[in-house]
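Coordinate inspection notes
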Amino acid sequence: MSDHHGGTWTLHRRDDGRVLAGLVVTGGDFPWPNARVDPREGLAEVRTLFAEELRLLDGVDEDAESWERAYEAVRNTVTLRYPDGQEVPEFLLHIDGNEAWWRWSDEPFSEDQA
């Protein structure tokens, strides 16, 4: 993992690259940075995906497949970028209102790691 502990990360729409939000790191407990969400135009279009993912996360022990499908919808819709602008290969991002928290990997996961 790289040393990307601070700064402003950005959330982008996968299909057209639009910046949907700045994620301003406010703290956290490594490897989970916490951030304030600085919404931009278009974020409202994807908020329901994050809300559904969080709703299903609460019951992930009982129904992991539903959560995995919901998170796949998130990953198919958005990308995350480091403060230096490079795309994050793998991440697990949660957004709740104006708060975000995530983990990331500098390397893509292989199919046998999933």
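The structure this text deals with has already been given above.
Residues numbered from 1 in each chain as written. Predicted model: local features only at pLDDT ≥ 70, side-chain atom pairs only at ≥ 80, totals over all residues. Heavy atoms only, no water.

Another aspect to go through is the packing of aromatic side chains. For the structure shown, the criterion picks out four aromatic pairs. On the numbers, 5.7 Å between centres and 15° between planes, the contact of W67 with Y71 is stacked. Of this pair, W67 and Y71 are both found in helix α2 (residues 64-77), four residues apart, which corresponds to roughly one turn of the helix. Overall, the relative accessible area of 8% leaves Y71 in the buried class. Pairwise contacts between aromatic rings join W9, Y82, W102 and W104 into one cluster. Geometry around F91 places R75 over its ring, the cationic atom sitting 4.0 Å from the centre. (Phe/Tyr/Trp six-rings, centres within 6.5 Å; stacked < 30°, edge-to-face > 60°. Helix = DSSP H or I, 4+ residues; strand = E, 2+ residues; numbered from the N terminus. Buried < 20%, exposed > 50% of the residue type's maximum accessible area, 1.4 Å probe, protein only. Lys NZ or Arg CZ within 6 Å of the ring centre and 35° of its normal.)

Let us look at a negative patch on the surface. On the surface, D61, E62, D63, E65, E68 and E72 cluster together into a patch of negative charge. By secondary structure assignment, the location of E72 is in helix α2. Judged by relative accessible area, which is 49%, E72 ranks as partly exposed. (Patch = residues over 30% accessible without salt bridge, like charges linked within 9 Å, V, L, I, M, F, W, Y side chains within 5 Å. Areas by Shrake-Rupley, 256 points an atom, 1.4 Å probe, with all protein chains shown as cover. Salt bridge = Lys/Arg side-chain N within 4 Å of Asp/Glu carboxyl O. Lys, Arg positive; Asp, Glu negative; His and termini not counted. Charge placed at Lys NZ, Arg CZ, Asp CG, Glu CD.)

For the structure shown, the criterion picks out eight salt bridges. A salt bridge links R13 to E45, with the shortest nitrogen-to-oxygen separation between them at 3.3 Å. Placement of R13 in strand β1 (residues 8-13) and of E45 in helix α1 (residues 44-57) is noted, with a sequence separation of 32 residues between them. When its relative accessible area of 47% is taken as the criterion, E45 is described as partly exposed.

Relative to strand β3 (residues 32-39), strand β2 (residues 19-29) is paired through eight bridges, and the arrangement is antiparallel. Bridging across to β3, V25 finds its partner in A35. Counted between consecutive antiparallel strands, the loop separating β2 from β3 contains two residues. Inspection of the sheet shows β3 paired to strand β6 (residues 99-105) by three bridges, in the antiparallel sense. Bridging from a neighbouring strand, R36 pairs with E99 of β6. (Pairing = 2+ DSSP bridges.)

It is worth stressing that arrangement in space is one thing and function is another; only the former is reported here.
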